[in-house]
Amino acid sequence: MAMKSKSTNWEDDGWGAWEETEPQEPDEEGNTSKTQKTSWLQDCVLSLSPTNDLMVIAREQKAVFLVPKWKYSDKGKEEMQFAVSWSGSLNVEEGEYVTSALCIPLASQKRSSTGRPDWTCIVVGFTSGYVRFYTENGVLLLAQLLNEDSVLQLKCRTYEIPRHPGVTEQNEELSILYPAAIVTIDGFSLFQSLRACRNQVAKAAASGNENIQPPPLAYKKWGLQDIDTIIDHASIGIMTLSPFDQMKTASNIGGFSAAIKNSPPAMSQYITVGSNPFTGFFYALELQVNSLPLYLMLPVVGLVGKVSMRKKLPQSKNRRLNQLPHSRRHGESICLSPCNTLAAVTDDFGRVVLLDVTRGIAVRMWKGYRGAQIGWIQIVEDLHERVPEKVDFPPFGNTQGPSRVAQFLVIYAPRRGILEVWSTQQGPRVGAFNVGKHCRLLYPGYKIMGLNNVTSQSWQPQTYQICLIDPVSGSVRTVNVPFHLALSDKKSERAKDMHLVKKLAALLKTKSPNVDMVEKEIKELILDIKYPATKKQALESILASERLPFSCLRNITQTLMDTLKNQELESVDEGLLQFCASKLKLLHLYESVSQLNSLGFHSDTPFSEDDLAVLLRLDEKELLKLQALLEKYKQEKTSTTVRFSDDKDGVLPVKTFLEYLESEKDMINIKKISEEESVALGRYKDNLLFESSLF
């Protein structure tokens, strides 16, 4: 079994161009056997590592571990494909099945590490209540019975650098959901235990000793009561209480006569989805009773390891602090946003509900998404793309300010075969893509375990945020969202620039007999674009057009160049200016060579060596040596049959010319192309002058 890994960003589909288009509803009648062949992935437990280095597919008792490898496809192209590294049965107890799995990459402790994980641990939950940890090769590291009920969900939280000084730093954590309890394992202790177990397994394998007694995991078990059914959960993390929240919490625990401490207690928040209530908000407290820790989950009491410590709470304490009740609505899944402020919940009514985690209320609802799969994308603004504003900048500090962060909600509707991207909280739909109806949307919600506020500073881990697996095409696709799509304001310069780019793309596709009018409109569009990066993108699309004549391309580039030179030096982007200058040099070279070709020169036309030496700025010895090398090179490549597809009547297209050449300072170089293309480019119209300048 091999699955192709294609990093498809859907950037060519035209972001924002589908406001009025909706995909057609699927036909009810279809081939049942074909549906069964393509829907097998829906019945499997699936997990992909955030670093894209390991995938786990499990069903019932069997599992397959896949790793990416470079292979040649049927078309002879080298591409990344997932290949089986291990397969077998994971069950130990009789009759137990796999219910959930996670691939958690663990950070390397070596100083020379560049951001890649040391190894990846596979965490698997079973119907027997066991949670087992495996290596990439299927070797069992650790197994522990945390509860006698079936494991419902496994979720992980890794370290993230707080964006603001006042934000509480969250600890790493692995949470396991059971029908009536949540078990949490501290990430640091889990990281150390897994490393120790892996070292023990390696030593045992070397010595031939298979009797390994791994140490038990330290964990906390939180009991959940007054809920009919729990399907999914989300661990929000440690809360920072305000004075009012501290008094409210103390009143809920100890009544109106409860004493308030100077320092607020550590409180962790959990959200559950299911039925009665549809969504429940729980707060976990750690108290001291007779010098022993007592973990309380409001409104219920918790367990610590194997020691059960119960304390009867007053009736007021048993009340849930917050909930979204709905007797008929059943929650199916919950997905927490990367900044822990929002959460998306799906239900059996075909709704997607957006929750404000801090206030505990629903702020938005989408209808018509039955069986939806959801995930999040967080995009950080690139400060280099921000337009400098004409204001009085302070003499000290950063004039641009901090980078802004945008969050997008991704919804996959399998019944309609559509993937949508929405701007939150109240933003519009910014993207929609027609995909298969049997795909799986994977959103890990975590990165690499084992980092802290010191080691994460120097690490640049290459992780994905969300991906879509299509079993029909066997591809893994990622989603990249431009930051400017979060700027819903009509006055947004970025949104205006993208509108101008789309208008320019439509103009380049039209066939207009009036070339002068088209040239005038293109000049107005590219000069109205404000962002340098977008302006460069627009110029690249213009120069790559096959419908514009050479004179039009030269005039547009020259107009943009003159406009940049007339601006103030501080407001001109140096990269854009150099790009325009290099393209103008190539256009002038193309014009000169075309003029020489039009004079009817051939390779047998005698050129004086003095003229060639002056034109090429070479002395007599260097010129003779160059001519000998060229003659030898032509003799070796006389069998070449390469021709440009657009080469009509011996005229080389401007697009091809600019595609294979580049200008750097005072040098014109050939890009990395094949030898046959180089020969065909050098022998263009058998012009010796052009051929000599290239080689």
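Residues numbered from 1 in each chain as written. Predicted model: local features only at pLDDT ≥ 70, side-chain atom pairs only at ≥ 80, totals over all residues. Heavy atoms only, no water.

A. Structural view of the nonpolar core. Formed by 37 residues in total, the largest nonpolar core has its most connected members in V352 and I411. Counting only elements with at least two residues in this core, the list comes to β22 (342–347), β23 (352–356), β24 (361–366), β25 (373–380), β26 (405–413), β27 (418–423) and β28 (429–434). No other element matches β26, which puts seven residues into this core. Among residues more than four places away in sequence, those in contact with V352 are A344, V345, T346, R364, M365, W366, Y369, A372, I374, L409 and I411. The next biggest cluster of nonpolar side chains, apart from the first, holds 34 residues, and it includes L525, L539, V572 and L661. (Core = buried A, V, L, I, M, F, W, Y, C linked by side-chain atoms within 4.5 Å. Buried < 20%, exposed > 50% of the residue type's maximum accessible area, 1.4 Å probe, protein only. Helix = DSSP H or I, 4+ residues; strand = E, 2+ residues; numbered from the N terminus. Contact = heavy atoms within 4.5 Å.)

B. Looking closely at helix α2 (residues 187–207). With 21 residues, α2 ought to run about 30 Å at 1.5 Å a step, and its terminal C-alpha atoms sit 30 Å apart, in line with that. The complete set of buried residues in α2 reads G187, L190, F191, S193, L194, C197, V201 and A204. Buried residues of α2 fall within an arc of 165° about the axis and therefore sit on the same side. Exposed residues on α2 whose side chains face more than 90 degrees from its buried face are F188, K203, A206 and S207. Two to three positions downstream of the cap, the backbone nitrogen of F188 sits 3.2 Å from a side-chain oxygen, assigning the N-cap of α2 to D186. (Expected span 1.5 Å × (residues − 1). Arc of directions from axis to C-beta. Polar contact = N/O pair within 3.5 Å; in protein donor to acceptor, adjacent residues only side chain to side chain.)

C. Examining the packing of helix α5 (residues 493–509) against helix α7 (residues 532–543) more closely. Across the interface, α5 lies against α7 with an axial gap of 10 Å and an inter-helix angle of 5°. As far as their axial angle goes, α7 and α5 are roughly parallel. Packed against α5, whose contacting residues are R494, D497, V501, L504 and L508, the element α7 presents T534, Q537, A538, S541 and I542 at the interface. In terms of residue class, the contact of α5 with α7 is made up of five nonpolar, three polar and two charged. (Axes fitted to C-alpha atoms, helices over the stretch in contact; angles between N-to-C directions. Parallel < 35°, antiparallel > 145°, perpendicular 65-115°, else oblique. Nonpolar A, V, L, I, M, F, W, Y, C, P; charged D, E, K, R; others polar.)

D. Quick peek at unusual backbone geometry. A cis amide bond, omega 10°, links N276 with the succeeding residue P277. Residue placement: P277 occurs in the loop between β15 (267–275) and β16 (279–289). At the junction of T424 and Q425, the peptide bond is cis and its omega measures out at 10° in the coordinates. Even without being glycine, N276 reaches a positive phi, approximately 50°.

E. Structural context of the sheet that holds strand β31 (residues 475–478). Taking strand neighbours across the sheet as the criterion, the three strands line up as β29-β30-β31 in an open arrangement whose pairing is antiparallel. One side of each edge strand has no neighbouring strand; the edge strands of this open sheet are β29 (440–442) and β31. Averaged over neighbouring strand pairs, the angle between their axes works out to 25° when direction is ignored. Taken together, the four bridges between strand β30 (residues 467–470) and β31 define a ladder with antiparallel strand orientation. In the strand pairing of β31, I469 is matched with V476. (Pairing = 2+ DSSP bridges.)

F. Seen up close, the environment of R195. Looking at the secondary structure, you find R195 in helix α2. Judged by relative accessible area, which is 31%, R195 ranks as partly exposed. In this structure the C-alpha to C-alpha distance between R195 and W119, which are 76 residues apart in sequence, comes to 9.8 Å.

G. Quick peek at the confidence of the model for the chain. Per-chain confidence: the chain averages 78 in pLDDT, with 75% of residues scoring 70 or above. Below a pLDDT of 50 lies the segment residues 685–695, which in the model reaches 34 contacts outside its immediate sequence neighbourhood of four places, other chains included. (pLDDT = per-residue confidence, 0-100.)

H. Spotlight on the sheet that holds strand β7 (residues 119–126). With antiparallel pairing, the four strands of this open sheet are ordered in space as β6-β7-β8-β9. Two strands close off the open sheet at either side, each with one partner strand: β6 (98–106) and β9 (140–145). Averaged over all adjacent pairs, the angle separating strand axes in this sheet is 15°, with direction ignored. Where strand β8 (residues 130–134) lies against β9, five bridges are found, and the strand directions are antiparallel. Note on β9: the bridge partner recorded for V131 is Q144. The strands touched by α2 within the sheet are β6, β7, β8 and β9, with β9 carrying the most contacts at an inclination of about 130°.

I. Local environment of the pattern of salt bridges. Here the structure, examined in full by the defined rule, presents 12 salt bridges. We note a salt bridge from D43 to R59, for which the minimum N-O separation is 4.0 Å. Of this pair, D43 sits in the loop between α1 (32–38) and β2 (45–48) while R59 sits in strand β3 (residues 55–59), and the two are 16 residues apart along the sequence. In this structure R59 comes out as partly exposed when scored by relative accessible area, which is 43%. (Salt bridge = Lys/Arg side-chain N within 4 Å of Asp/Glu carboxyl O.)

J. Representation of the pairing of β2. Both faces of β2 are covered, namely the face carrying V45 and S47 and the face carrying L46 and L48. Note that β2 and β3 share four bridges and pair antiparallel. Note that in β3 the partner of L46 across the bridge is I57. Between β2 and β3, which pair antiparallel and follow one another directly, the connecting turn spans six residues, one of which, N52, has a positive phi of 60°.

K. Inspection of the side chain of R429 at higher detail. Secondary-structure assignment places R429 in strand β28. Judged by relative accessible area, which is 14%, R429 ranks as buried.

L. Examining a nonpolar patch on the surface more closely. A grouping of F244, M247 and I260 is seen on the molecular surface, where their side chains present a nonpolar patch of about 310 Å² in accessible area. By secondary structure assignment, the location of I260 is in the loop between α3 (243–254) and β15. (Patch = residues over 30% accessible without salt bridge, like charges linked within 9 Å, V, L, I, M, F, W, Y side chains within 5 Å. Areas by Shrake-Rupley, 256 points an atom, 1.4 Å probe, with all protein chains shown as cover.)

M. Representation of the environment of K261. If you trace the backbone, K261 turns up in the loop between α3 and β15. Taking C-alpha positions, K261 is 9.5 Å from M247, a pair spaced 14 residues apart along the chain.

N. Geometry of the packing of aromatic side chains. For the structure shown, the criterion picks out four aromatic pairs. Arranged with centres 4.9 Å apart and planes meeting at 40°, the rings of F65 and W86 form a pair that is tilted. Here F65 is found in strand β4 (residues 62–72), whereas its partner W86 is found in strand β5 (residues 78–89), with 21 residues between them in sequence. Just as F65 is buried, W86 falls in that class too. (Phe/Tyr/Trp six-rings, centres within 6.5 Å; stacked < 30°, edge-to-face > 60°.)

O. Quick look at α5. For α5, with 17 residues, the first-to-last C-alpha span of 25 Å sits near the 24 Å given by 1.5 Å per residue. The set of residues buried in α5 consists of R494, D497, L500, V501, L504, L507 and L508. The arc that holds every buried residue of α5, seen down its axis, measures 135°, which confines them to one face. Exposed residues lying more than 90 degrees from the buried face of α5 are H499 and K509. In the core, the buried residues of α5 are packed alongside α6 (515–528) and α7.

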